[in-house]
Amino acid sequence: MITSKLPNVGTTIFSVMSQLAADTGAINLSQGFPDFDGPDALREALCRRIMDGFNQYAPSAGLPALRQQVAAKIERSYGRQVNADTEVTITPGATHAIFCAIQAVVRTGDEVIVFDPCYDSYEPSVELAGGRCVHVQLKDGEFSIDWKQLGAALSPKTRMIVINTPHNPSGALITREELDRLAALIRDRDIYLVSDEVYEHLVFDGVKHVSVLAHEELYERAFVISSFGKTYHVTGWKTGYLIAPPALTAEMRKVHQFVAFCGVTPLQWALADFMAACPEHVEELPAFYQAKRDFFCDRLQTSRFTFTRAAGTYFQLVDYSQIRPDLNDVEMSLWMTREHGVASIPPSVFYQSPLPGQRLIRLCFAKREETLRLAAEKLCAI
Ligand code: PMP
Ligand code: GLN
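What this report covers is the structure whose coordinates are included nearby.

1. Section: helix 7 (residues 176-186)
Stage number 1. Glu178, Leu179, Leu182, Ala183 and Ile186 are the residues of helix 7 that are buried. Down the axis of helix 7, the smallest arc covering the buried residues is 140°, so these residues share one side.
Stage number 2. Buried-residue contacts for helix 7 involve helix 6 (147-153), strand 5 (158-164), strand 6 (192-196) and helix 8 (216-219).

Here it is, written out as structure tokens:
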């Protein structure tokens, strides 16, 4: 009998809910992915690159052309000049980048602080490195850092803190003041930071994303991670990148070269081609997704769900206390999928200790208007 190295891990909620949506014919607002395609020019570039013979291994760190495009975008967005050779690594997805960053620095017995609700890949990655996650709950309702709890969680064993902004599942954003406070808190300690910023371009209401890339002090100890999947509507391309100072990048690349060696070559060419041809794509994204958020939320206004519009990401949390307070969120998600034809994600799966009274579900609005209209009609009828 094999003894599992990850005894607490089962099939992720994303696979479970997407499968249930497919089996029941429900509208799938669970797993986060668009039901529309990436830009034509991007997909055409991929076809062209494949047919033109760009089908062998890429350099392990990623195609120089794509790393340069990423560096140029970072300078435009955050004013930081990163070195495309020594600070930018292209990875097969953000999940892979997170895994490699954690393996690169976390050792047996180390502690890693994560904020609940937290993305499901962090903890297994820490455990496989021999570390242990210390869970700090974000403040109920507003999903901001609870500084007292964070201070209490720090220990001589703390090796890393993982932050996620814009935050999945709440859409909450970390502010510049919070980054300053975090920097002060860990200033004299040997602690690294993973900043998961995969939704960096999905920030609404005129607010600007505050990236760790724009924070001099924190960047010195940070791995900043993003995903082309979110930014270019191609989650199935599983391509992301990691930015870190040269010494951290070198360590992360040692892991990356033996987990994957490199990302998929023609995808990297297509992304480089598209970023060069359409640098304005990222500037248009906030308005594009804000319109979807508002289209959806406007139609939910007459429902019995209550909510505060998401500040970022393509997820909307809604409170169902007025509908089925008797159900916990897993039961609610299953019931809504089976009985009302809309699949969602129960946020309790992002917690080590779910909050017993919390009555929230997460709905993905990265969908065509027809999908959102139909889903909202069904939700209003509950
Ligand atoms: N981090 C967060 C917070 C996410 O929501 C996702 C979405 N899948 C990822 C990381 C992983 O991104 P990728 O699909 O590029 O691995
Ligand atoms: N990040 C996506 C979400 O939160 C799912 C990614 C996955 O399926 N692993 O819905």
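This is not the end of the story, as more comes after the structure.
2. Some words on the sheet that holds strand 4 (residues 132-137)
Stage number 1. Taken in spatial order, the seven strands make up an open sheet running 2-8-7-6-5-3-4, and their pairing is mixed. Both edges of this open sheet fall to strand 2 (88-91) and strand 4, since each of them pairs with a single strand only. With strand direction ignored, the average angle separating the axes of adjacent strands in the sheet is 20°.
Stage number 2. Pairing analysis gives six bridges linking strand 3 (residues 111-116) to strand 4, with the strands arranged parallel. Counted as the bridge partner of Phe115 is Val136 from strand 4.
Stage number 3. Where helix 10 (residues 246-259) meets the sheet, it contacts strand 2, strand 6, strand 7 (222-227) and strand 8 (240-243), and its direction lies at approximately 25° from that of strand 2.

3. Regarding the site of ligand 1
Stage number 1. The local shell around ligand 1 holds 13 residues, among which Thr95, Asp196, Tyr199, Lys230 and Lys238 are the closest.
Stage number 2. Side-chain polar atom of Asp196 to a nitrogen atom of ligand 1: 2.6 Å apart, as the coordinates give it.
Stage number 3. Here an oxygen atom of ligand 1 and a side-chain polar atom of Tyr199 are 2.6 Å apart.
Stage number 4. Taking 390 Å² as the accessible area of ligand 1 by itself, protein coverage stands at 92%.
Stage number 5. At three residues, the largest contribution of residues to the shell around ligand 1 is made by helix 4 (residues 94-105).
Stage number 6. Residue composition of the shell around ligand 1, by class: five nonpolar, five polar and three charged.

4. Thoughts on the pattern of salt bridges
Stage number 1. Applying the stated criterion across every chain yields a total of 19 salt bridges.
Stage number 2. As a salt-bridge pair, Asp273 and Arg49 come within 2.8 Å of each other at their nearest N and O atoms. Remark: Arg49 occurs in helix 2 (residues 40-51) and Asp273 occurs in helix 11 (residues 265-277); sequence separation between them is 224 residues.
Stage number 3. The partner of Lys254 in a salt bridge is Glu251, and the shortest N-O contact between them spans 2.9 Å. Here Glu251 and Lys254 lie together in helix 10, a separation of three residues that amounts to about one turn.
Stage number 4. In the salt-bridge network here, residues are joined through shared partners; they are Asp205, Arg293, Asp294, Asp298 and Arg309.

5. Remarks on unusual backbone geometry
Stage number 1. A cis amide bond links Thr165 to the next residue, Pro166, at an omega of -15°.
Stage number 2. Along the chain, Pro166 turns up in the loop between strand 5 and helix 7.
Stage number 3. Despite not being glycine, Phe143 has its phi angle at roughly 55°, a positive value.
Stage number 4. Among the structural elements, Phe143 can be located in the loop between strand 4 and helix 6.
Stage number 5. With a phi close to 45°, Lys238 is a non-glycine residue in the positive phi region.

6. With respect to the packing of aromatic side chains
Stage number 1. Scanning the entire structure with this criterion turns up 16 aromatic pairs.
Stage number 2. Note on Tyr314 and Phe315: the rings are 5.2 Å apart at their centroids and 80° apart in plane angle, and the pair reads as edge-to-face.
Stage number 3. Since its relative accessible area comes to 1%, Phe315 is described here as buried.
Stage number 4. What links up through ring pairs into an aromatic cluster is the set Phe36, Tyr199, Phe288, Tyr289, Tyr314 and Phe315.
Stage number 5. When the ring centre of Phe315 is taken as reference, the NZ or CZ atom of Arg362 above it lies at 3.5 Å.
Stage number 6. Over the face of the ring belonging to Phe33 we find Lys367, whose NZ or CZ atom lies 4.2 Å from the ring centre.

7. Here we look at the site of ligand 2
Stage number 1. For ligand 2, the full set of nearby residues is Phe14, Gln31, Gly32, Tyr119, Asn168, Tyr199, Lys230, Phe315 and Arg362.
Stage number 2. Gly32 has a polar backbone atom sitting 2.7 Å from an oxygen atom of ligand 2.
Stage number 3. Take Asn168: an N or O atom from its side chain is 2.8 Å from an oxygen atom of ligand 2.
Stage number 4. Considered on its own, ligand 2 offers 300 Å² of accessible surface; in the complex 80% of this is hidden by protein.
Stage number 5. A breakdown of the residues in the shell around ligand 2 according to their chemical character gives four nonpolar, three polar and two charged.

8. Details of helix 2
Stage number 1. Between the first and last C-alpha of helix 2 there are 16 Å, a value that for 12 residues agrees with the 16 Å anticipated at 1.5 Å per step.
Stage number 2. Within the span of helix 2, buried status applies to Leu42, Ala45, Leu46 and Arg49. Down the axis of helix 2, the sector holding all buried residues measures 100°, keeping them to one side.
Stage number 3. On the buried face of helix 2, the contacting elements are helix 11.
Stage number 4. Once helix 2 ends, the next one or two residues include Gly53, with phi positive near 90°.

What counts and how
- Residues numbered from 1 in each chain as written.
- Chains lettered and ligands numbered in written order.
- Predicted model: local features only at pLDDT ≥ 70, side-chain atom pairs only at ≥ 80, totals over all residues.
- Heavy atoms only, no water.
- Buried < 20%, exposed > 50% of the residue type's maximum accessible area, 1.4 Å probe, protein only.
- Helix = DSSP H or I, 4+ residues; strand = E, 2+ residues; numbered from the N terminus.
- Arc of directions from axis to C-beta.
- Contact = heavy atoms within 4.5 Å.
- Pairing = 2+ DSSP bridges.
- Axes fitted to C-alpha atoms, helices over the stretch in contact; angles between N-to-C directions.
- Near = heavy atom within 4 Å.
- Polar contact = N/O pair within 3.5 Å; in protein donor to acceptor, adjacent residues only side chain to side chain.
- Areas by Shrake-Rupley, 256 points an atom, 1.4 Å probe, with all protein chains shown as cover.
- Nonpolar A, V, L, I, M, F, W, Y, C, P; charged D, E, K, R; others polar.
- Salt bridge = Lys/Arg side-chain N within 4 Å of Asp/Glu carboxyl O.
- Phe/Tyr/Trp six-rings, centres within 6.5 Å; stacked < 30°, edge-to-face > 60°.
- Lys NZ or Arg CZ within 6 Å of the ring centre and 35° of its normal.
- Expected span 1.5 Å × (residues − 1).

Keep in mind these values describe shape, not function.
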